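Structural features, examined
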Amino acid sequence: MPNNPQKNPSMTASNFKIASVTLFVAFMLTIMPLPDWMVEFRPDWVTLVLIYWAMALPTRVCVTIAWFTGLILDVSHGAIIGQHALGLMLVIYIVHIQHQRLRVVSLVQQAIVIFFLLLLKQLIVLWVSGIVGHAPNTWLYFMPTVTGAMIWPWVYIILRDMRRKFGYRASY
């Protein structure tokens, strides 16, 4: 079997490479400058990409990866160290527990679940910011949750097609 990752060790390494490249692109989209009116509507690209890869490759994208990704996100945003990491860890943990159920539901149902996962992450970040007195005072703080849920079907399809194009299979 040519697609068996146990017999082809480069395939599991390639799975991780494509996930790393897409995560890097998500970081670039996150720090890319936008017009002032559009900043509040920027989706949480990093979380969306991590959720996809945690669903597609649960043995490769784990809570530890989410922690380190969150720390990098904290540094890039100039936030309190650990607030994004804590949110990403909890979201990826939930995805790991439910990844087989999430994979079989429709994209609309996935988008609803993604909305609540993104909302959970935003609430954790808001909670930590509020503890230190840096909480935002506008409801637009939650707009990345809405836009992230709205673009989830496209993110899912693009990442799935990339994974299929390069012949990667999930290893459980």
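These figures come from a predicted structure and were not determined experimentally. (Residues numbered from 1 in each chain as written. Predicted model: local features only at pLDDT ≥ 70, side-chain atom pairs only at ≥ 80, totals over all residues. Heavy atoms only, no water.)

Remarks on the overall build of the chain
- For the chain, the count of helices and strands is six helices and zero strands.
- For the chain, the succession of helices and strands along the chain, N to C, is α-α-α-α-α-α.
- A burial count over the chain gives 44% of its 172 residues as buried.
- By sequence separation, contacts in the chain at least 24 residues apart represent 69% of the contacts at least 6 residues apart. (Helix = DSSP H or I, 4+ residues; strand = E, 2+ residues; numbered from the N terminus. Buried < 20%, exposed > 50% of the residue type's maximum accessible area, 1.4 Å probe, protein only. Contact = heavy atoms within 4.5 Å.)

A closer look at a nonpolar patch on the surface
- A surface patch of nonpolar side chains, amounting to about 680 Å² of accessible area, comprises Trp67, Phe68, Ile80, Leu86, Trp127, Ile131 and Val132.
- Taken together, the elements giving at least two residues each to the nonpolar patch come down to helix H3 (63–77) and helix H5 (107–131). (Patch = residues over 30% accessible without salt bridge, like charges linked within 9 Å, V, L, I, M, F, W, Y side chains within 5 Å. Areas by Shrake-Rupley, 256 points an atom, 1.4 Å probe, with all protein chains shown as cover. Salt bridge = Lys/Arg side-chain N within 4 Å of Asp/Glu carboxyl O.)

A closer look at helix H6 (residues 143–165)
- The terminal C-alpha atoms of H6 lie 32 Å apart, and with 23 residues this matches the ideal 33 Å at 1.5 Å per residue to within 8%.
- At isoleucine 151, H6 is bent by approximately 50°, the largest bend along its length, and proline proline 153 sits one to four residues beyond.
- Listed in full, the buried residues belonging to H6 are Met143, Pro144, Thr145, Thr147, Gly148, Ala149, Trp152, Pro153, Val155, Tyr156, Leu159 and Arg163. (Expected span 1.5 Å × (residues − 1). Bend = angle between axes of the 7 residues up to and from the residue.)

What about the environment of leucine 57?
- With respect to the element layout, leucine 57 can be found in the loop between helix H2 (45–56) and H3.
- Taking the C-alpha atoms as reference points, leucine 57 and alanine 19, 38 residues apart in sequence, are found 9.0 Å from one another.

Focus: the nonpolar core
- In this structure, Leu50, Ile51, Trp53, Val95 and Trp152 are the most contacted members of the largest nonpolar core, which totals 32 residues.
- What leucine 50 contacts, discounting residues up to four positions off in sequence, is Leu23, Val61, Ile65, Ala66, Thr69, Leu88 and Ile92. (Core = buried A, V, L, I, M, F, W, Y, C linked by side-chain atoms within 4.5 Å.)

Brief notes about H5
- Taking 1.5 Å per residue, 25 residues should reach 36 Å; H5 reaches 36 Å between its end C-alpha atoms and fits that length.
- Of all the positions in H5, only Gln110, Ala111, Ile114, Leu117, Leu118, Lys121, Gln122, Ile124, Val125, Val128 and Ser129 are classed as buried.
- In this fold, the buried residues of H5 make contact with H2, H3, helix H4 (83–104) and H6.
- Immediately downstream of H5, the backbone of glycine 133 shows phi near 85°, a positive value.

Quick look at the side chain of glutamine 110
- Mapped onto the elements, glutamine 110 comes out in helix H5.
- Assessed through its relative accessible area of 2%, glutamine 110 is described here as buried.
- Setting aside residues no more than four positions away along its own chain, glutamine 110 makes contact with Met55, Leu102, Arg103, Val105, Trp152 and Tyr156.

Things to note about the confidence of the model for the chain
- Of all residues in the chain, 88% have pLDDT values of 70 or greater, and the mean over the chain is 87.
- This model gives residues 4–11 a pLDDT under 50, and the stretch forms eight contacts once residues within four places in sequence are excluded. (pLDDT = per-residue confidence, 0-100.)

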